[in-house]
Amino acid sequence: MSGYGCIKMEDEYIRRHHRHEIRDNQCSSSLVKHIKAPVHLVWSLVRSFDQPQKYKPFVSRCIVQGDLEIGSVREVNVKSGLPATTSTERLELLDDEEHIFGMRIVGGDHRLKNYSSIVTVHPEIIDGRPGTLVIESFVVDVPDGNTKDETCYFVEALIKCNLKSLADVSERLAIQDRTEPIDRM
């Protein structure tokens with residue numbers, strides 16, 4: 001698919017699945033990552049609400065309260081180096097058919113108030129092999145003392161790190177899954 005065709009598809013996915021109601025004191029953005037690994041593999045990591053540390057480098061520990069279903073809450077411990085130590089997050093959407101994951105931050109010792117994100121995972125072909133287009137969008141309050149640009153820049157930097165790590169982990173797993181044909185002579 002041409003670069004323009006890819007952008008059109010990305011825009012269509014964002015329009016269809018990444019709708020956020022944005023208030024005056026909030027910022028929002030969408031980020032895109034192309035991953036050289038099949039959808040089922042990438043989705044298995046994204047949908048793991050109970051184990052975000054599988055690919056999110058800033059998460060040191062996660063404890064889920066109750067069964068893994070819509071409304072489940074997780075307590076996440078954040079690694080040092082960030083302006084937080086904990087985050088309480090609720091699973092808002094988990095659609096295994098359409099590959100849509102949504103979560104909302106409901107507490108914690110950080111400045112990300114009214115944070116909500118949606119992640120969608122879409123099949124694509126990259127270099128002739130099965131690949132995945134991942135789109136993550138968010139909306140969050142702009143904290144007092146910060147601008148919309150500063151807030152978006154900070155959140156986008158975190159998401160970019162998470163998406164890069166998701167790609168690294170997924171691509172490493174995809175290579176392990178590949179079996180080379182055995183030539184018989």
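Each value, and the rule that gives it
- Residues numbered from 1 in each chain as written.
- Predicted model: local features only at pLDDT ≥ 70, side-chain atom pairs only at ≥ 80, totals over all residues.
- Heavy atoms only, no water.
- UniProt positions renumbered as here; feature names shortened; annotations may be inferred.
- Pairing = 2+ DSSP bridges.
- Helix = DSSP H or I, 4+ residues; strand = E, 2+ residues; numbered from the N terminus.
- Axes fitted to C-alpha atoms, helices over the stretch in contact; angles between N-to-C directions.
- Contact = heavy atoms within 4.5 Å.
- Buried < 20%, exposed > 50% of the residue type's maximum accessible area, 1.4 Å probe, protein only.
- Disulfide = S-S within 2.5 Å.

The protein appears in an unreviewed UniProt entry as Abscisic acid receptor PYL8 from Vitis vinifera. Taken verbatim from the UniProt record of the protein, the Sequence similarities (unreviewed entry) comment is "Belongs to the PYR/PYL/RCAR abscisic acid intracellular receptor family."

The subject of this paragraph is the sheet that holds strand β2 (residues 59-65). Here seven strands make up an open sheet; going across it, the order is β1-β7-β6-β5-β4-β3-β2 and the pairing antiparallel. Edge positions in the open sheet fall to β1 (26-35) and β2, since each of these has one partner strand only. Averaged over all pairs of adjacent strands, the angle between their axes in this sheet comes to 25 degrees, without regard to strand direction. Inspection of the sheet shows strand β3 (residues 73-78) paired to strand β4 (residues 86-95) by five bridges, in the antiparallel sense. Within β4, the position partnered with Arg74 by the bridge is Glu89. Running at roughly 165 degrees to strand β6 (residues 116-126), helix α2 (residues 39-46) makes contact with β1, β4, β5 (100-108), β6 and β7 (129-141) of the sheet. Along the sheet, helix α3 (residues 148-177) makes contact with β1 and β7, crossing β1 at roughly 20 degrees.

In this section: the pairing of β3. In this sheet, β3 lies alongside β2 in antiparallel orientation, the contact comprising six bridges. Bridged to Gln65 within β3 is Val73.

Quick look at the side chain of Asn162 now. As for its placement among the helices and strands, Asn162 is situated in helix α3. Under the relative-accessibility criterion, Asn162 is labelled buried at 11%. Residue contacts for Asn162: discarding those within four places in its chain leaves Tyr55, Lys56, Pro57 and Phe58.

With that settled, the discussion passes to α2. By the criterion of burial, α2 is predominantly enclosed, with six of the eight residues buried. The complete set of buried residues in α2 reads Val39, Leu41, Val42, Trp43, Leu45 and Val46.

Moving on to the state of the cysteines. Inspection of the entire model under this criterion finds zero disulfides. Free of any disulfide, Cys62 has its nearest neighbouring cysteine sulfur in Cys161, separated by 19 Å. Judged by its relative accessible area of 13%, Cys62 falls in the buried class.

Positive phi, normally seen in glycine, also occurs at His99, with a value near 60 degrees. Secondary-structure assignment places His99 in the loop between β4 and β5. The backbone of Asn114 shows a phi angle near 55 degrees, a positive value even though the residue is not glycine. Looking at where Asn114 falls in the secondary structure, it is placed in the loop between β5 and β6. Asn114 sits in the partly exposed class, given a relative accessible area of 38%.

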